[in-house]
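Observations on the model geometry
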Amino acid sequence: MKRIYIVSGLVTFALAVLLTILGVDHVSKAESVDPMKNVVFGGPSAARGGRSCGTDNSRAVVEAQEQDRTAKLKQRLAKGLAPAEATGGVVNVYFHVVTNGTSGDLSDAQVASQMRVLNNAFGPWGWSFNLAATDRTVNAEWFNDCYSNDRAMKNALHQGSGDDLNIYSCVPGPYLGFATFPSNYSSQPNLDGVVILYSSLPHGGEPNYDEGDTATHEVGHWFGLYHTFQNGCSKNGDYVSDTPSEKSPAFECPIGRDTCEGSRYPGLDPVENFMDYSYDSCMFQFTAGQDARMDEMFTTYRFGQ
Ligand SMILES: [Ca+2]
Ligand SMILES: [Ca+2]
Ligand SMILES: [Ca+2]
Ligand SMILES: [Zn+2]
């Protein structure tokens, strides 16, 4: 971390976040559907036509993180602290290029291009990324499946602290990428970070997914965001109040789709949101509510840690 902007305002966002946390919701328990019913884990690989993300969004993981988050937020508020002290800043990035000797050897220009994509996506919300170091490792086993070899690879290569971002490029099993959540950091600091398919970088050659938004999506998880279709149309959803509820992942670019209908679920599906499963060319935004959540999660789990 180089520097952090401290802002005590943002009362509106803070209130929105608080209302969400306190369970103020329009949907009663009786009306909510099984939150896991429509959530796709894994899914088809990118090459077979759909984005797939290997981040562990299972109900147990999400509920544990939300319980811990709620408890820690209450403690902050009880001390008179703002929900998010860190509302932006410059995050140092350690970029780990893993290759098998022939594939995956990304150039410095490609890494720089990926950094620009991240800065364009998060910049409007106060966050920017500084490339602190790039290293290159030849290890065919890690490169060919850095999902299964996640632990060995990261234990060897991870750098920095909780407010620094580690990015690994390789082939993450069947996924375009996967990430760890902020609340994972304290128990497993060396595993913290984001793993992306090497060909998902800008002009990397992965059909429909080579504008660099896989990294943006996974860094969203790293900041504490869930998929926009988390929990489907049921209570809490993605724990962000201004992203319309969404029953299932949106593939390709189905603008106008509305999978949670009726007056309880205003708005069309957020298929243009970075945290959906649509094509890179389709996704281009985060919301103010997602920013408030990222700021709060960063404050709680990463800032100064
Ligand atoms: Ca912010
Ligand atoms: Ca939402
Ligand atoms: Ca809707
Ligand atoms: Zn994801």
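For clarity, every value in this text was computed on a predicted model and none was experimentally measured.

1. Concerning the overall build of the protein
Looking only at helices and strands, one finds seven helices and six strands in the protein. By residue count, 47% of the 305 residues in the protein fall in the buried class. Long-range pairs, those at least 24 residues apart, make up 72% of the contacts in the protein between residues at least 6 apart in sequence.

2. Describing helix H7 (residues 288-301)
Its 14 residues give H7 an end-to-end C-alpha distance of 20 Å, which sits within 8% of 20 Å, the value for a rise of 1.5 Å per residue. The element H7 is largely enclosed, with a buried count of twelve among its 14 residues. Residues of H7 that are buried include every one of Gln290, Asp291, Ala292, Arg293, Met294, Asp295, Glu296, Met297, Phe298, Thr299, Thr300 and Tyr301, and no others.

3. Observations regarding the environment of Leu157
Note that Leu157 resides in helix H5 (residues 150-157). In sequence terms Leu157 and Arg136 are 21 residues apart; their C-alpha atoms lie 9.8 Å from each other. Apart from residues lying up to four places away in sequence, Leu157 is in contact with His96, Asp135 and Thr137.

4. A few points about the nonpolar core
One finds Val98, Cys146, Leu165, Ile167, Cys170 and Val194 to be the most contacted residues of the largest nonpolar core, which totals 59 residues. For this core, the element with the highest residue contribution is strand S2 (residues 86-99), accounting for six residues. Look past the residues within four positions of Ile167 in its chain and what remains in contact with it is Val93, Phe95, His96, Gly193, Val194, Ile196 and Ala215.

5. Overview of the packing of helix H3 (residues 108-122) against helix H6 (residues 213-222)
Put simply, H3 and H6 touch, their axes get as near as 9 Å, and they point 50° apart. Taken together, H3 and H6 sit at an angle that is classed as oblique. As for the relative orientation of H3 and H6, their crossing is right-handed in sense. Contact with H3, carried on its side by Gln114, Val117, Leu118 and Ala121, involves Asp213, Ala215, Thr216 and Val219 of H6 and no other residues of that element. Residue classes in the contact of H3 with H6 are distributed as five nonpolar, two polar and one charged.

6. What to know about the pairing of strand S4 (residues 165-170)
Sheet faces and side chains relate simply in a regular strand, where the side chains alternate between the two faces. Burial runs high along S4: six of the six residues are buried. Neither face of S4 is left uncovered, since the one carrying Leu165, Ile167 and Ser169 and the one carrying Asn166, Tyr168 and Cys170 both have all their residues buried. Here S2 runs beside S4; their pairing, made up of five bridges, is parallel. Looking at the pairing, His96 lines up with Tyr168 of S4. Two elements, S4 and strand S6 (residues 194-197), share four bridges in a ladder whose sense is parallel. Note that in S6 the partner of Cys170 across the bridge is Leu197.

7. A word on H3
Taking 1.5 Å of rise per residue, the 15 residues of H3 would be expected to cover 21 Å, and the 21 Å separating its terminal C-alpha atoms lies within 8% of that figure. Every buried residue belonging to H3 is among Gln114, Met115, Leu118, Ala121 and Phe122, and all of these are buried. Projected down its long axis, H3 shows its buried positions confined to an angular sector of 125°, all on one face. Buried-residue contacts for H3 involve S2, strand S3 (127-138) and H6.

8. Let's talk about unusual backbone geometry
The phi dihedral of Asn208 falls on the positive side, at around 70°, and the residue is not glycine. Tracing the backbone shows Asn208 in the loop between S6 and H6. For Asn208, a count of 18 C-beta atoms within 10 Å corresponds to the partly exposed category. The backbone of Asn236 sits at a positive phi, close to 75°, despite the residue not being glycine. Secondary-structure assignment places Asn236 in the loop between H6 and H7.

Analysis parameters
- Residues numbered from 1 in each chain as written.
- Chains lettered and ligands numbered in written order.
- Predicted model: local features only at pLDDT ≥ 70, side-chain atom pairs only at ≥ 80, totals over all residues.
- Helix = DSSP H or I, 4+ residues; strand = E, 2+ residues; numbered from the N terminus.
- Buried ≥ 20, exposed ≤ 12 C-beta atoms within 10 Å, placed from the backbone.
- Contact = placed C-beta atoms within 7 Å.
- Expected span 1.5 Å × (residues − 1).
- Core = buried A, V, L, I, M, F, W, Y, C linked by C-beta atoms within 7 Å.
- Axes fitted to C-alpha atoms, helices over the stretch in contact; angles between N-to-C directions.
- Parallel < 35°, antiparallel > 145°, perpendicular 65-115°, else oblique.
- Left-handed = near helix turned anticlockwise from the far one by under 90°.
- Nonpolar A, V, L, I, M, F, W, Y, C, P; charged D, E, K, R; others polar.
- Pairing = 2+ DSSP bridges.
- Arc of directions from axis to C-beta.

Function cannot be read off these values alone, since they describe shape.
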